[in-house]
Amino acid sequence: MKSAFDEGYAEFGRLDFILANAGIVRFAAEDGDEFARIWQDIIDTNLTGVFHTVRAGLRAVIDGGRGGSIVITSSSAGIKGTGSPNAGAQAYTAAKRGLVGYMQTLANDLAPRMIRVNTIHPTGVVSGMTQNEALAEKAAQRGSEIAQMQNALPIEILQPEDIANAVAWLLSDQASYVTGIQLPLDAGFCVR
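Residues numbered from 1 in each chain as written. Predicted model: local features only at pLDDT ≥ 70, side-chain atom pairs only at ≥ 80, totals over all residues. Heavy atoms only, no water.

Colleague: Explain the sheet that holds strand β2 (residues 68-73) here, please?
Modeller: Within a sheet, adjacent strands bond to each other through the backbone by hydrogen bonds, running parallel or antiparallel. Strand order across the open sheet formed by four strands is β1-β2-β3-β4, with parallel pairing between neighbours. If you trace the sheet from one side to the other, it starts and ends with β1 (17-20) and β4 (182-185), each paired once. Neighbouring strand axes in the sheet, compared pairwise and without regard to direction, differ in orientation by 20 degrees on average. Examined bridge by bridge, β1 and β2 share four bridges and lie parallel to one another. Residue pairing for β2: A20 is matched across the bridge by I72. Against the sheet, helix α3 (residues 87-110) engages β2, β3 (115-122) and β4, with an angle of about 165 degrees to β3. Sitting on the sheet, helix α6 (residues 160-171) is in contact with β1, β2, β3 and β4, with an inclination near 165 degrees to β3. (Pairing = 2+ DSSP bridges. Helix = DSSP H or I, 4+ residues; strand = E, 2+ residues; numbered from the N terminus. Axes fitted to C-alpha atoms, helices over the stretch in contact; angles between N-to-C directions. Contact = heavy atoms within 4.5 Å.)

Laid out in structure tokens, this is it:
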């Protein structure tokens, strides 16, 4: 992450925003060692990967002296967990909830520098993570954690543009006093 960032920074010479978006999940039957491996893979990507993304560019935002904004993609699972015996669902929720704590720590630390830090919490969004055969099979299983997940509004899935618009607002001057919040983009998922 750091070498990729350094290459881009050398070319452009300025950084005002960091968008940290990482997500994998695996819904499958597991046993002993596989349970631990699935847990670790998801934590490494969804939580530790975000940490590395932020750390790669944070010094440049601070040194720029212009303030800035960091937006971290969590999930509706970062606000509301769904019951599951599977390591994939457990680790996904733990990582996405962990991002909230990380965001709040950064928001408090960076506020004196006018660097805002927030999390967004989307429900399902059209992406490779949601549009695949394995997830469709899991959703078809009556009583599965995926089958239980429903939005309050009659919206089955969000489009990437829905999330991009919210992120653009958080990066804009219109949100210049918004820091330390958990913004649900969830079609009411968390109130169900």
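Continuing now.
Colleague: Sorry if this is basic, but what is going on with the packing of helix α2 (residues 32-64) against α3 here?
Modeller: Direction vectors running N to C along α2 and α3 enclose 20 degrees, while the axes themselves pass 8 Å from each other. Our classification of the angle between α2 and α3 gives roughly parallel. The chirality of how α2 crosses α3 is right-handed. For the contact of α2 with α3, the residue count by class is 20 nonpolar, four polar and two charged. (Parallel < 35°, antiparallel > 145°, perpendicular 65-115°, else oblique. Left-handed = near helix turned anticlockwise from the far one by under 90°. Nonpolar A, V, L, I, M, F, W, Y, C, P; charged D, E, K, R; others polar.)

Colleague: Would you take a moment to explain the packing of helix α1 (residues 2-12) against α2 for this structure?
Modeller: Angle between the axes and distance between the axes are the two parameters that describe a pair of packed helices. Closest axis-to-axis distance for the α1/α2 pair is 8 Å, and the angle between their directions is 35 degrees. Every residue of α2 that contacts α1 at K2, F5 and Y9 is listed here: A56, G57 and A60. Its residues placed into classes, the contact of α1 with α2 shows four nonpolar, one polar and one charged.

Colleague: What's the story with the nonpolar core in this structure? I'm lost.
Modeller: Side chains that are nonpolar tend, in soluble globular proteins, to be buried together. Core analysis: the largest hydrophobic core is formed by 23 residues, its most contacted members being V50, V54, I70, I72, L110 and V117. Only β1, α2, β2, α3 and β3 provide two or more residues apiece to this core. L110 has contacts with L58, I62, I70, I115 and V117, leaving out every residue within four places of it along the chain. Membership of the second largest hydrophobic core comes to 13 residues, among which are V125, A166, L170 and L171. (Core = buried A, V, L, I, M, F, W, Y, C linked by side-chain atoms within 4.5 Å. Buried < 20%, exposed > 50% of the residue type's maximum accessible area, 1.4 Å probe, protein only.)

Colleague: Would you mind showing me how to read α6 here?
Modeller: The α-helix advances 3.6 residues per turn, and as a result positions three or four apart in sequence lie on the same side. Here α6 is twelve residues long and its end C-alpha atoms lie 17 Å apart, about the 16 Å a rise of 1.5 Å per residue gives. Taken together, the buried positions of α6 are I163, A166, V167, L170 and L171. In a view along the axis of α6, the buried residues occupy a sector of 140 degrees, so they form one face of it. At its buried positions, α6 is contacted by β1, β2, β3 and β4. (Expected span 1.5 Å × (residues − 1). Arc of directions from axis to C-beta.)

Colleague: Where do I start with α1 in this structure?
Modeller: Burial analysis of α1 places just one of its eleven residues in the buried class, a small minority of the element. Just past α1, the residue G13 takes up positive phi, approximately 75 degrees.

Colleague: Sorry, what's going on with unusual backbone geometry here?
Modeller: What is expected of a backbone is that most residues other than glycine have negative phi and most peptide bonds are trans. Backbone geometry at M114 places phi at a positive 60 degrees, although glycine is not the residue there. Its location among the elements puts M114 in the loop between α3 and β3. A positive phi is found at A187, a non-glycine position, where the angle reads about 50 degrees. With respect to the helices and strands, the residue A187 is situated in the segment after β4. The exposure class assigned to A187 is buried, which follows from its relative accessible area of 10%.

Colleague: Teacher, can you tell me more about the packing of aromatic side chains here?
Modeller: Aromatic ring pairs are defined here through the distance separating the ring centres and the angle between the ring planes. The tally for this structure, following the rule as stated, stands at two aromatic pairs. Aromatic side chains F5 and Y9 sit 5.3 Å apart centroid to centroid with 25 degrees between the ring planes, which places their arrangement in the stacked category. Of the two residues, F5 and Y9 both sit in helix α1, four residues apart, roughly one turn of that helix. A cation over a ring is seen here: K80 above F189, with NZ or CZ 5.0 Å from the ring centre. (Phe/Tyr/Trp six-rings, centres within 6.5 Å; stacked < 30°, edge-to-face > 60°. Lys NZ or Arg CZ within 6 Å of the ring centre and 35° of its normal.)

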